[in-house]
Amino acid sequence: DKPVLMDWVYLQKKDKQDSIEHILPQTPTQPYWQSRWSKEQIEEVTHDLGNLVITFDNSTYSNKGFDEKKGAAGKKGCYAGSSLFAERELASYDDWTYTEFETRRQKLADWIIVRWHVDDIGASLAVTDEETEDQDI
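The structure reproduced in this document is the subject of the present report. Quick caveat: nothing in here was measured; it's all calculated off a predicted structure.

1. Thoughts on helix α8 (residues 98–116)
Its 19 residues give α8 an end-to-end C-alpha distance of 26 Å, which sits within 8% of 27 Å, the value for a rise of 1.5 Å per residue. Buried residues along α8 sit against α4 (39–45), β2 (52–54) and α7 (85–90). With its phi angle positive at about 55°, His117 sits one or two positions after the end of α8.

In structure tokens:
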């Protein structure tokens with residue numbers, strides 16, 4: 001697969017609500033989420049980088065369960081059928097529980113440490129609403 005070249009200016013102009021997908025939704029009311037996540041885990045994980053991915057299909061995903069969001073290769077409006085590598089990579093997970101979140105979070109942290117030569121980013125992967133309100137992506 002060839003990587004998708006995305007113009008940074010294009011991404012900056014997009015509304016953050018349209019381009020940032022919460023894998024575990026901000027309002028996880030579906031039974032899929034309620035059966036897999038505790039209230040405390042939801043509060044901890046919702047805005048963490050390990051639970052976020054850039055997307056072109058945010059409105060399609062809504063509060064659906066991971067099984068629906070994952071989809072299948074060749075289908076539109078799902079992780080597996082996305083033109084973006086980060087979403088296709090999500091489709092390699094069988095489920096989205098706290099365990100998968102932790103695995104993805106660590107993979108992202110490792111990549112960030114190597115890519116930008118930082119020592120330790122540990123707790124700084126959580127993004128608060130206040131931090132993103134006035135910032136462009």
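Here the narrative resumes, following the displayed structure.
2. As for unusual backbone geometry
Despite not being glycine, Ser62 has its phi angle at roughly 50°, a positive value. Looking at Ser62, the relative accessible area reads 44%, which means it is partly exposed.

3. With respect to the packing of aromatic side chains
Throughout the structure, instances matching the rule amount to eight aromatic pairs. Seen in terms of ring centroids, Tyr32 and Trp33 are 4.7 Å apart; in terms of plane orientation they differ by 80°. Their pairing is edge-to-face. In this structure, Tyr32 and Trp33 share a single accessibility class: buried. Where Trp37 meets Tyr98, the ring centres are 6.2 Å apart and the plane angle is 70°; that geometry is what we call edge-to-face. Pair noted here: Trp37 is in the loop between α3 (31–34) and α4 and Tyr98 is in helix α8, with a separation of 61 residues, a long-range link. Residue classification places Trp37 among the buried positions, given a relative accessible area of 5%. We classify Tyr98 as buried; its relative accessible area is 18%. Grouped by ring-pair contacts, the aromatic residues Tyr61, Phe66, Tyr79, Tyr93 and Trp96 constitute a single cluster. The ring of Tyr32 is capped by Arg36, whose NZ or CZ atom sits 3.7 Å from the centre of that ring.

4. A closer look at the nonpolar core
Ranked by internal contacts, the top residues of the largest apolar core, which has 19 residues, are Trp37, Phe66 and Trp96. The residues touching Phe66, leaving out its near neighbours within four places in the chain, are Ile23, Tyr32, Trp33, Tyr79, Leu90, Tyr93, Asp94, Asp95 and Trp96.

5. Topic: the environment of Glu89
Mapped onto the elements of the fold, Glu89 is located in helix α7. In the structure, Glu89 is positioned 10 residues away from Tyr79 in sequence and 7.8 Å away in space, judged by C-alpha atoms.

Cut-off values and rules
- Residues numbered from 1 in each chain as written.
- Predicted model: local features only at pLDDT ≥ 70, side-chain atom pairs only at ≥ 80, totals over all residues.
- Heavy atoms only, no water.
- Helix = DSSP H or I, 4+ residues; strand = E, 2+ residues; numbered from the N terminus.
- Expected span 1.5 Å × (residues − 1).
- Contact = heavy atoms within 4.5 Å.
- Buried < 20%, exposed > 50% of the residue type's maximum accessible area, 1.4 Å probe, protein only.
- Phe/Tyr/Trp six-rings, centres within 6.5 Å; stacked < 30°, edge-to-face > 60°.
- Lys NZ or Arg CZ within 6 Å of the ring centre and 35° of its normal.
- Core = buried A, V, L, I, M, F, W, Y, C linked by side-chain atoms within 4.5 Å.

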